[in-house]
Amino acid sequence: MTGSPLLRAAIAAHRFGLSEPRLQPLAGDPEGWLLAQIGPADPPVGSGLLDTRQALELVAAEREKRRLAANPPPGTTAAEILAGHYRETTLADVRSHLLSAARSTRPFMERLQRFWANHFTVSLRKGSARGLVGAFERDAIRPHLAGSFEALLVASTTHPAMLRYLDNAQSAGPHAAVVAREARRAARTGEPRRVTGLNENLAREVLELHTLGAASGRGGTAPGGYGQADVSAFAAVLTGWRVGLDGATRLQPFDAAWHEPGPKTVLGRRFDEGPGALGAVLHELAHHPATARFVSTKLARHFVADDPPPALVDRLVAAWERSEGDLPSVYRALVHSAEAWQPTPRKLKTPAEWVLSSARLLGVEERLFARGDGGIGALGQRLHAAPSPAGWSDRAEDWLGPDALWKRVEWAARTGERAGRSLDARALAAESLGPLLGDATRAQIENAADGPQALALLLMAPEFQRR
């Protein structure tokens with residue numbers, strides 16, 4: 001590795017982690033500091049957090065509230081019935097998400113948790129996912145950060161949040177028992193059918209966004225050589241996976257009445273009917289060479305550069321294939337790669353990364369996240385509410401608009417005013433940025449009118465905005 005120990009400590013803290021107020025404790029062995037963090041995730045911080053079963057019970061209770069609100073009992077209004085609709089759960093999930101990262105002594109693993117939660121996006125922007133997103137992160141993502149990619153893929157694909165978000169809970173095979181039953185009911189009552197048939201959303205996104213990758217450009221060939229027939233066949237494999245609660249409030253992951261009977265062919269391989277087919281297909285996808293390259297490229301883009309060095313991607317792919325998708329092996333290859341330690345910052349922090357970095361730098365996480373997201377949503381990145389299944393962008397160009405930058409200036413000014421009178425911005429800049437701190441930024445901070453302005457200048461400094 002090139003560069004002084006303090007420079008490598010700064011890179012470790014800002015590029016791999018979420019910023020540290022003091023670099024000196026890391027300077028003895030920055031690489032070792034990162035490697036020592038790799039392992040099972042710490043339990044999430046917070047109270048009032050629901051596991052998946054409890055979250056599904058909440059969804060069922062809220063559904064009943066909506067039914068009552070449509071025809072309120074005498075003396076009761078719909079607003080009273082719907083008061084607090086998911087609010088407490090959503091706030092608890094957001095607070096836990098932020099405090100777990102802001103307080104962590106293993107920020108590298110917290111960064112990885114955020115990366116994978118974005119890779120396997122489930123968003124509150126779709127009503128069917130409400131109440132379940134926090135449980136998805138805690139039960140499907142966090143427990144598998146240091147396992148295999150296959151285990152992470154299976155857990156995310158079969159979690160109720162993903163099945164509801166991408167409409168698989170309502171997907172039925174055209175020859176499934178429930179379709180025939182609905183046809184008979186509709187014929188008898190004259191009412192429309194309530195089961196609409198096969199839905200391909202989850203199948204398509206697992207292929208395009210979670211594993212093999214999408215075709216590039218108009219008419220491009222999809223990685224792994226899959227086509228529309230594979231999407232449809234995979235969607236048929238997925239029918240019946242619509243996790244809900246049975247009468248005893250136990251998780252019931254597979255409903256055979258919704259499953260399309262008969263064998264299916266995906267990527268040239270035949271899979272028998274039944275719940276076991278999904279695990280077999282996901283195994284094939286997890287170990288496909290296109291998956292190794294697609295996901296390795298995303299990891300390199302997230303940590304190192306918007307257009308990652310090909311040699312770095314190749315190194316991650318080699319580690320992936322050598323270990324058969326063992327994620328800690330890929331993380332270690334990233335830490336050991338010379339390309340990841342180049343001193344010039346090439347990534348712009350997203351609003352969430354920047355606010356979390358600021359909270360860790362200033363030690364104000366409790367105040368900042370006491371009643372919400374600390375202003376991250378106002379900066380354009382509402383937590384747990386990505387605009388599409390593709391998640392939030394990881395490229396600087398999507399966060400550099402004039403309005404976005406002005407909002408950062410306003411946020412930095414407010415935060416500096418609240419925290420700047422008790423902190424020495426000059427000392428904090430030197431101790432947290434080390435050799436990354438440039439002469440121009442140092443001079444601006446030293447010449448600031450007062451403490452709050454000096455702190456705002458530190459938060460807006462290019463050395464702190466980038467990593």
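A brief look at the structure comes next. (Residues numbered from 1 in each chain as written. Predicted model: local features only at pLDDT ≥ 70, side-chain atom pairs only at ≥ 80, totals over all residues. Heavy atoms only, no water.)

## Remarks on the overall build of the protein
Across its full length, the protein holds 23 helices and four strands. The C-alpha radius of gyration of the protein comes to 24 Å, within 12% of the 23 Å expected for a compact globule of 467 residues. Principal axes of the C-alpha set define a box for the protein whose edges measure 80 × 65 × 40 Å. Counting the 467 residues in the protein, one finds 52% classified as buried. Restricting the contact set of the protein to residue pairs at least 6 apart, pairs at least 24 apart contribute 73%. On the protein, roughly 19,900 Å² of surface is accessible, and the fraction owed to carbon and sulfur atoms is 52%. If you average the places of the 56 positive and of the 51 negative side-chain charges in the protein, the two averages end up 3 Å apart. (Helix = DSSP H or I, 4+ residues; strand = E, 2+ residues; numbered from the N terminus. Rg over C-alpha atoms; globule rule 2.2 N^0.38 Å. Buried < 20%, exposed > 50% of the residue type's maximum accessible area, 1.4 Å probe, protein only. Contact = heavy atoms within 4.5 Å. Areas by Shrake-Rupley, 256 points an atom, 1.4 Å probe, with all protein chains shown as cover. Lys, Arg positive; Asp, Glu negative; His and termini not counted. Charge placed at Lys NZ, Arg CZ, Asp CG, Glu CD.)

## Some words on unusual backbone geometry
Positive phi is not limited to glycine here, since serine 19 has a value of about 80°. By the element assignment, serine 19 lies in the loop between helix 1 (5-16) and helix 2 (30-35). Judged by relative accessible area, serine 19 falls into the buried class, the value being 0%. Positive phi values are uncommon outside glycine, yet glutamate 324 reaches one of about 60°. Examined against the element boundaries, glutamate 324 turns out to sit in the loop between helix 15 (310-323) and helix 16 (327-336).

## Side note on a positive patch on the surface
Taken together, the side chains of Arg63, Arg66, Arg125, Arg130 and Arg382 make up a positively charged region of the molecular surface. Among the secondary structure elements, arginine 63 is positioned in helix 3 (residues 52-70). (Patch = residues over 30% accessible without salt bridge, like charges linked within 9 Å, V, L, I, M, F, W, Y side chains within 5 Å. Salt bridge = Lys/Arg side-chain N within 4 Å of Asp/Glu carboxyl O.)

## As for the packing of aromatic side chains
The final tally for this structure, using the stated rule, is 13 aromatic pairs. Ring geometry for tryptophan 354 and tryptophan 411: centres 4.8 Å apart, planes at 55°, overall tilted. Placement of the pair is tryptophan 354 in helix 17 (residues 351-362) and tryptophan 411 in helix 19 (residues 402-419), with a sequence separation of 57 residues. In this structure, tryptophan 354 and tryptophan 411 share a single accessibility class: buried. (Phe/Tyr/Trp six-rings, centres within 6.5 Å; stacked < 30°, edge-to-face > 60°.)

## Some points on the packing of helix 14 (residues 289-303) against helix 15
Between helix 14 and helix 15, whose axes approach to 9 Å, the crossing angle comes to 130°. With respect to helix 15, the axis of helix 14 lies oblique. Handedness of the crossing formed by helix 14 with helix 15: right-handed. Along the contact surface, helix 14 presents Pro289, Thr291, Ala292, Arg293, Val295, Ser296, Thr297, Leu299 and Ala300, while helix 15 presents Leu312, Val313, Asp314, Leu316, Val317, Trp320 and Glu321. A per-class count over the contact of helix 14 with helix 15 returns 10 nonpolar, three polar and three charged. (Axes fitted to C-alpha atoms, helices over the stretch in contact; angles between N-to-C directions. Parallel < 35°, antiparallel > 145°, perpendicular 65-115°, else oblique. Left-handed = near helix turned anticlockwise from the far one by under 90°. Nonpolar A, V, L, I, M, F, W, Y, C, P; charged D, E, K, R; others polar.)

## As for empty space enclosed by the protein
Enumeration over the complete set of coordinates arrives at three cavities of 30 Å³ or more. Of the voids in this model, the largest cavity is the one considered here, and its volume is about 60 Å³. Together, Pro44, Asp93, Ser96, His97, Ser100, Gln113, Gly134, Glu137, Arg138 and Arg142 line the largest cavity. Those elements that place two or more of their residues in the lining of the largest cavity are helix 5 (87-102) and helix 7 (133-141). A per-element tally of the lining of the largest cavity places helix 5 first, with four residues. (1 Å grid on protein atoms, 1.4 Å probe; cavity = no way out; pocket = protein on both sides within 12 Å on 5 of 7 lines; lining within 4 Å. Points joined across faces, edges and corners; volume = space filled by probe spheres on them.)

## Structural notes on the nonpolar core
Ranked by internal contacts, the top residues of the largest apolar core, which has 125 residues, are Phe16, Phe108, Trp116, Phe120, Phe149, Phe234 and Phe369. Ala176, Val178, Val195 and Ala257 belong to the second largest nonpolar core, which has seven residues in total. (Core = buried A, V, L, I, M, F, W, Y, C linked by side-chain atoms within 4.5 Å.)

## Overview of helix 12 (residues 228-238)
The element helix 12 is largely enclosed, with a buried count of eight among its 11 residues. Buried residues of helix 12: Asp230, Val231, Ala233, Phe234, Ala235, Ala236, Val237 and Leu238, and no others. Within two residues after helix 12, glycine 240 carries a phi angle of roughly 95°, on the positive side.

## Regarding the pattern of salt bridges
Considering all chains together, one arrives at 28 salt bridges under this definition. A salt bridge links aspartate 167 to lysine 126; the nearest nitrogen and oxygen atoms lie 2.7 Å apart. Taken together, the positions of aspartate 167 in the loop between helix 9 (160-165) and helix 10 (177-189) and lysine 126 in the loop between helix 6 (107-119) and helix 7 put the pair 41 residues apart, joining distant regions of the chain. Residue class for lysine 126 comes out partly exposed when judged on its relative accessible area of 29%. The closest approach of N and O atoms between aspartate 255 and arginine 242, which form a salt bridge, is 3.8 Å. In this pair, aspartate 255 sits in the loop between strand 2 (251-254) and strand 3 (264-266) while arginine 242 sits in strand 1 (residues 241-245), placing the two residues 13 residues apart along the sequence. It is possible to trace a salt-bridge network through shared partners that takes in Glu182, Arg185, Glu191 and Arg194.

## Describing the packing of helix 8 (residues 149-157) against helix 13 (residues 276-286)
Orientation of helix 8 relative to helix 13, taken along the N-to-C sense of each, is 135°, at an axis distance of 9 Å. By the angle class used here, helix 8 and helix 13 are oblique. Between helix 8 and helix 13 lies a crossing whose hand is right-handed. Contacts between helix 8 and helix 13 involve Phe149, Glu150, Leu153, Val154 and Thr157 from the former and Leu282, His283 and Ala286 from the latter. Residue classes in the contact of helix 8 with helix 13 are distributed as five nonpolar, two polar and one charged.

## Observations concerning the layout of surface pockets
Empty space left among the atoms is revealed by rolling a probe the size of a water molecule over them. Computed from the structure, the largest pocket encloses a volume of approximately 850 Å³. Surrounding the largest pocket, 37 residues form its lining, Asn118, His119, Lys298, Ala390 and Trp392 being those nearest its centre. In the lining of the largest pocket, the residues fall into 15 nonpolar, 11 polar and 11 charged.

## Quick word on helix 19
In this model, helix 19 (18 residues) spans 26 Å end to end at C-alpha, consistent with the 26 Å of a helix rising 1.5 Å per residue. Within helix 19, burial applies to Arg408, Trp411, Ala412, Thr415, Gly416 and Ala419. Summarising the axial view, the buried residues of helix 19 lie within an arc of 130°, below the 170-degree limit, and thus occupy one face. Turned more than 90 degrees away from the buried face of helix 19 sit Pro402 and Trp406, all of them exposed. Where helix 19 is buried, its residues touch helix 17, helix 18 (365-368), helix 22 (451-460) and helix 23 (462-465). (Expected span 1.5 Å × (residues − 1). Arc of directions from axis to C-beta.)

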